[in-house]
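Architecture and fold: a report
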Number of protein chains: 2
Amino acid sequence: MIVVPGEIADAMDVPGLTIWDGGDVAPIREARFYVPSYMAGEWAFSVMTDLPLLEVCQLPTAGFEHALGHLPVGVTLCNAAGVHDASTAELAVALILARLRRVDDMARAMPRGEFIHERFDALADKRVLVLGAGGIGQALTRRLEGFECEVVVVGRAAREGVRGREEIAELLPWADIVVIAVPLDDSTRGMVDADFLARMRDGALLVNVARGGIADTAAMLAECGRLQFALDVTDPEPLPADHALWRAPGVLISPHVGGNTTAFLPRIARLVRDQVARWQSGAPLANVIVS
Amino acid sequence: MIVVPGEIADAMDVPGLTIWDGGDVAPIREARFYVPSYMAGEWAFSVMTDLPLLEVCQLPTAGFEHALGHLPVGVTLCNAAGVHDASTAELAVALILARLRRVDDMARAMPRGEFIHERFDALADKRVLVLGAGGIGQALTRRLEGFECEVVVVGRAAREGVRGREEIAELLPWADIVVIAVPLDDSTRGMVDADFLARMRDGALLVNVARGGIADTAAMLAECGRLQFALDVTDPEPLPADHALWRAPGVLISPHVGGNTTAFLPRIARLVRDQVARWQSGAPLANVIVS
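Residues numbered from 1 in each chain as written. Chains lettered and ligands numbered in written order. Predicted model: local features only at pLDDT ≥ 70, side-chain atom pairs only at ≥ 80, totals over all residues. Heavy atoms only, no water.

Let us now look at the overall build of chain A. When its secondary structure is counted, chain A shows 10 helices and 13 strands. Here the C-alpha radius of gyration of chain A, 21 Å, is about what a compact globule of 291 residues would show, namely 19 Å. Counting all 291 residues of chain A, 55% fall into the buried class. Of all intrachain contacts in chain A linking residues separated by at least 6 positions in sequence, the fraction that spans at least 24 positions is 54%. Of the roughly 11,300 Å² of accessible surface on chain A, 51% is carried by carbon and sulfur atoms. (Helix = DSSP H or I, 4+ residues; strand = E, 2+ residues; numbered from the N terminus. Rg over C-alpha atoms; globule rule 2.2 N^0.38 Å. Buried < 20%, exposed > 50% of the residue type's maximum accessible area, 1.4 Å probe, protein only. Contact = heavy atoms within 4.5 Å. Areas by Shrake-Rupley, 256 points an atom, 1.4 Å probe, with all protein chains shown as cover.)

Residues and elements named next belong to chain A. In total, this model carries 38 salt bridges over all chains according to the counting rule given. For the salt bridge of Arg 112 with Glu 114, the shortest nitrogen-to-oxygen distance reads 2.4 Å. The shortest N-O distance in the salt bridge between Asp 202 and Arg 226 comes to 2.8 Å. Placement of the pair is Asp 202 in the loop between α8 (194-198) and β10 (205-208) and Arg 226 in the loop between α9 (217-223) and β11 (228-231), with a sequence separation of 24 residues. One salt-bridge network, held together by shared partners, links Arg 99, Arg 102, Asp 104, Asp 105 and Arg 108. (Salt bridge = Lys/Arg side-chain N within 4 Å of Asp/Glu carboxyl O.)

What follows concerns the packing of helix α4 (residues 85-100) of chain B against helix α6 (residues 135-144) of chain B. Residue and element names in this part refer to chain B. Here α4 crosses α6 at 55 degrees, and the two axes come no closer than 8 Å. Looking at the two axes, α4 sits oblique to α6. With respect to the hand of their crossing, α4 and α6 are arranged in right-handed fashion. Of the residues in α6, those in contact with Asp 85, Ala 86, Thr 88, Ala 89, Glu 90, Ala 92 and Val 93 of α4 are Gly 135, Ile 136, Ala 139, Leu 140, Arg 143 and Leu 144. (Axes fitted to C-alpha atoms, helices over the stretch in contact; angles between N-to-C directions. Parallel < 35°, antiparallel > 145°, perpendicular 65-115°, else oblique. Left-handed = near helix turned anticlockwise from the far one by under 90°.)

The transform that puts chain B on chain A rotates by 180 degrees and translates by 0.0 Å along the axis, for an RMSD of 0.0 Å. In symmetry terms, the pair is related by a two-fold rotation axis. Residue B:Arg108, judged by its C-alpha, is the member of chain B lying nearest the rotation axis, at 2.6 Å. Of all interface residues in chain B, 100% are interface residues in chain A too; the two copies therefore contact each other through one and the same surface. (Least-squares fit on C-alpha atoms with pLDDT ≥ 70 in both.)

This part is about the pairing of strand β6 (residues 127-131) of chain A. All names here are of chain A. Most of β6 sits out of view: four of its five residues are buried. Here five bridges tie β6 to strand β7 (residues 150-155), and the two strands are oriented parallel to one another. Note that in β7 the partner of Val 128 across the bridge is Val 151. Viewed along the sheet, the connection from β6 through helix α6 (residues 135-144) into β7 turns out right-handed. (Pairing = 2+ DSSP bridges. Right-handed = clockwise from strand over helix to strand, strands pointing away.)

Another aspect to go through is the interface of chain B and chain A. Accessible area lost on assembly of the parts is the figure often given for the size of an interface. Opposite the 61 residues of chain B that make contact, chain A presents 61 residues. Buried area between chain B and chain A, both sides added, is near 5,300 Å², and the carbon and sulfur share of it is 58%. In terms of surface lost to chain A, no three residues of chain B exceed B:Met110, B:Phe115 and B:Arg119, which account for 15% of the buried area on that side. Summed over the shared surface of chain B and chain A, the result is 10 salt bridges. A salt bridge links A:Arg101 to B:Glu90; the shortest N-O distance between them is 3.2 Å. When residues of the side of chain B that touches chain A are traced back to their parent elements, those giving at least two are α4, α5 (103-109), α6, β12 (251-253) and α10 (264-281) of chain B. Ranked by the residues each element gives to the side of chain B that touches chain A, the list is headed by α4(B), at eight residues. Of the residues belonging to the side of chain B that touches chain A, the class tally is 33 nonpolar, 10 polar and 18 charged. (Buried area = accessible area lost by both parts, 1.4 Å probe. Nonpolar A, V, L, I, M, F, W, Y, C, P; charged D, E, K, R; others polar.)

So, on to the nonpolar core. Grouped burial of nonpolar side chains is what soluble globular proteins tend to show. Grouped together as the largest cluster of nonpolar side chains are 136 residues, with contacts concentrated most on A:Ile180, A:Phe196, B:Ile180 and B:Phe196. Beyond its immediate stretch of four places on either side in the chain, B:Ile180 contacts B:Leu131, B:Met191, B:Val192, B:Phe196, B:Leu206, B:Val207, B:Asn208, B:Val209, B:Ala210 and B:Ile214. (Core = buried A, V, L, I, M, F, W, Y, C linked by side-chain atoms within 4.5 Å.)

Before going further, it helps to spend a moment on the domain arrangement of chain A. Residue and element names in this part refer to chain A. Here the domain parsing of chain A yields domain 1 (2-83 + 261-290) and domain 2 (85-253). With centres defined by C-alpha atoms, the gap from domain 1 to domain 2 works out at 31 Å. Sorting the residues of domain 1 by area buried against domain 2 places Glu 65, Gly 82 and Thr 261 first, and these three jointly supply 60% of that buried surface. In this assembly, domain 1 and domain 2 are joined by three residue pairs in polar contact (both at pLDDT 80 or more). Residue composition of the side of domain 1 that touches domain 2, grouped by class: two nonpolar, three polar and two charged. (Domains from an automatic or database assignment. Polar contact = N/O pair within 3.5 Å; in protein donor to acceptor, adjacent residues only side chain to side chain.)

All names here are of chain B. Reading across from one edge, β2-β1-β3-β4-β5-β13 is the order of the six strands in this open sheet, with mixed pairing throughout. The open sheet has two edge strands with one neighbour each: β2 (18-19) and β13 (288-290). Relative to β13, strand β5 (residues 76-78) runs antiparallel, the two sharing two bridges. Paired with Leu 77 across the bridge in β13 is Val 290.

Moving on: the side chain of B:Asp104. Structurally, B:Asp104 is set in helix α5. Overall, the relative accessible area of 0% leaves B:Asp104 in the buried class. Among residues more than four places away in sequence, those in contact with B:Asp104 are A:Ala107, B:Ala98, B:Arg99 and B:Leu252.

Residues and elements named next belong to chain B. The end-to-end C-alpha distance of α10 is 26 Å, a good match for the 26 Å that 18 residues give at a rise of 1.5 Å each. Packing partners of the buried residues in α10 comprise β1 (2-4), α1 (6-12), β3 (33-34), β4 (56-58), β5 and α4. Positive phi shows up at Gly 282, right after α10, with a value of about 80 degrees. (Expected span 1.5 Å × (residues − 1).)

All names here are of chain B. Burial along strand β9 (residues 177-180) is two-sided: the residues Ile 177 and Val 179 and Val 178 and Ile 180 are all buried. Sheet topology note: the strand β6 (residues 127-131)/β9 ladder contains four bridges and is parallel. Within β9, the position partnered with Val 130 by the bridge is Val 179. The pairing of β9 with strand β10 (residues 205-208) spans four bridges and is parallel. Among the inter-strand pairings, Ile 180 is bridged to a residue of β10, identified as Asn 208.

Put into structure tokens, the structure is as follows:
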């Protein structure tokens, strides 16, 4: 039995899928291949302990930390690496442009009918440091190509066209814009701390479309005013309504919408279709995190 | 005498320029080559009648309609075609992304600390119709290349890679996003009227980074709710504080900031430096509008 959330099943157009979006577990007890609902709560993962025949859990997200604790022994866990690259990289550009060109301030001035004409920053001629050479970093670099800006990409290790992580400290003072596009793991948790931010030039913009835990919220708050921030992810998340970050100067916050767009369904449907076909034919699965 | 506004002279780094940013005309009576201040009032053009030796007026803008009525007979008028392409095309992308990804709504929700997570549109997979195959249209097309969207460009006449204006009516229902990037002239004034808008599909986005007079404001207001609008230029402009467009649903307005960014000075400085060199050496000037 192949168990898939309704909206993904609709986009897949493959016969014989069992649709499940939560609720009673009885109808999916025979599940062997399971796709949890996107943006669902813990129930979507804890249900796996009630699925005795389960062989594969195919996540609809690139992140997988939230599933690990619920994974029964012997079940293969695959993530959706690549599915959110287009949408997340696109949001990074949206946040960069909105903050530089002050679209956020303009939107807030609109209800008052304020026509504030000033000279603002353009992305053209700027120096962009992309931290992360994976799918999102590459998708972002492709999108930045037409904008007449200079882009340097940093990966785990230096290679052709990619600088190594050990060079970050010396690259930070060079950049006008720093984009965080690394996965959250022990090597990146808290990476953006007071020292990191202190190396950024006055007025520079930090964009985080990765995970809130990569950047230290208190350290960012302390630099508001000198630096700018555009954050799709925060720590804590969701950010409480009374959190100072919502109202700090030069800060633009989007509510973790990097991946959740119209670009999601066609791309996740393609991945799940391919994975189901591999699994049915006995071919090796892609994106295996735990096997 | 070569008369240049202060900020452009600073960026040019050429000796022997006379700086003038308005005020007393006496110091520039000997002007032969004159660059009006950027975003200045009518005084910057009417002053030309007081410059008996004037040979060349080099505008800092692509638009030139505002200078024509003040141009003394025999003076060559050049515009700054190309200087604003990067900045204006960049704003078009900023407005598209901000509206599709709802960065405007998010910015307005920030002061209330509202974390509104919904699925919004991505630019990926969308169909973009660019009206205008000139500098801005080309700069926009280059910027859209990395975004996994489909782009069709319309020029005055059909040619390789460009569709002709007579095809607009049949292309409008195809497009998710329509960007206006044509100059204002008798053939484009009021081009975006009720018929034009009626052909656009439900939910489609019209972006105007050209001139307000190209789109009929009343016709746009009548379609608010069914269509979305992102407008850097309006008619009238500036839009009065009590104008309904400021508060209409699905409308994002930026205050004519397409060209006025940090990208302006290096590019106008390069153009004026080249034009002065041509004029001094007797070579033909570029961007001649009236000679």
